[in-house]
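Given next are the chains, with one letter for each unit.
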Amino acid sequence: LEAVLLDNKISVGPKEKPLNNTISILDKTSGLIGVPELLENGWTFTSLLRSDLAPGQLVQVNSNIVQGDYLIKRLEHSGGSDTQDYYSKIEGVRQ
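## Here's the deal with the overall build of the chain
- In terms of helices and strands, the chain carries zero helices and eight strands.
- The order of helices and strands in the chain, counted from the N terminus, is β-β-β-β-β-β-β-β.
- Counting only residues that meet the buried cut, the chain has 36% of its 95 residues in that class.
- Within the chain, contacts between residues at least 6 apart in sequence are counted, and of these 49% link residues at least 24 apart.

This is how it looks when you write it as structure tokens:
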């Protein structure tokens, strides 16, 4: 089992399985920027800030080099008042 903390709630579910049935689309029309990077155990994707994404959720990625459904394992939002750049960095594994 795997636990995910989101909005001050802990969700527990089977490891490597989505916590819900929500699938978000991530492509260049929905915020995907740059080129996905291959990791040892998956891929990392950078997007314009996406508040609809969450760890444990599926994201359907459509880029020139990567296509398919990925389970979000790690999600980091960045940006602030000192910059106008707001990003979401997603680490995911193929489903």
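## A look at the sheet that holds strand E4 (residues 32–39)
- Taking strand neighbours across the sheet as the criterion, the six strands line up as E3-E6-E7-E8-E5-E4 in an open arrangement whose pairing is mixed. What marks the edges here is a single partner per strand, and that holds for strand E3 (23–26) and E4. Going across the sheet, the axis of each strand differs from the next one's by a mean of 35 degrees, ignoring polarity.
- Direction of pairing for strand E6 (residues 58–62) relative to strand E7 (residues 67–78): antiparallel, over a ladder of five bridges. Bridging across to E7, leucine 58 finds its partner in leucine 71.

## Describing the confidence of the model for the chain
- For the chain, the mean per-residue pLDDT works out to 87, and 80% of the residues sit at or above 70.
- No element of the chain has a lower mean pLDDT than strand E1 (residues 2–6), at 58, and none a higher one than strand E5 (residues 42–48), at 97.

## Overview of the pattern of salt bridges
- Per the counting criterion, the structure on display carries three salt bridges.
- With its nearest N and O atoms 3.4 Å apart, the salt bridge here joins glutamate 76 to arginine 74.
- For arginine 74, a relative accessible area of 45% corresponds to the partly exposed category.
- A cluster of three or more residues bridged by salt bridges with shared partners is formed by Arg74, Glu76 and Glu91.

## Side note on the side chain of serine 24
- Take serine 24: it is sitting in strand E3.
- Serine 24 sits in the buried class, given a relative accessible area of 8%.
- Among the polar contacts made by the side chain of serine 24, one reaches the side chain of aspartate 52 at a distance of 3.2 Å.

Parameters at a glance
Residues numbered from 1 in each chain as written. Predicted model: local features only at pLDDT ≥ 70, side-chain atom pairs only at ≥ 80, totals over all residues. Heavy atoms only, no water. Helix = DSSP H or I, 4+ residues; strand = E, 2+ residues; numbered from the N terminus. Buried < 20%, exposed > 50% of the residue type's maximum accessible area, 1.4 Å probe, protein only. Contact = heavy atoms within 4.5 Å. Pairing = 2+ DSSP bridges. Axes fitted to C-alpha atoms, helices over the stretch in contact; angles between N-to-C directions. pLDDT = per-residue confidence, 0-100. Salt bridge = Lys/Arg side-chain N within 4 Å of Asp/Glu carboxyl O. Polar contact = N/O pair within 3.5 Å; in protein donor to acceptor, adjacent residues only side chain to side chain.

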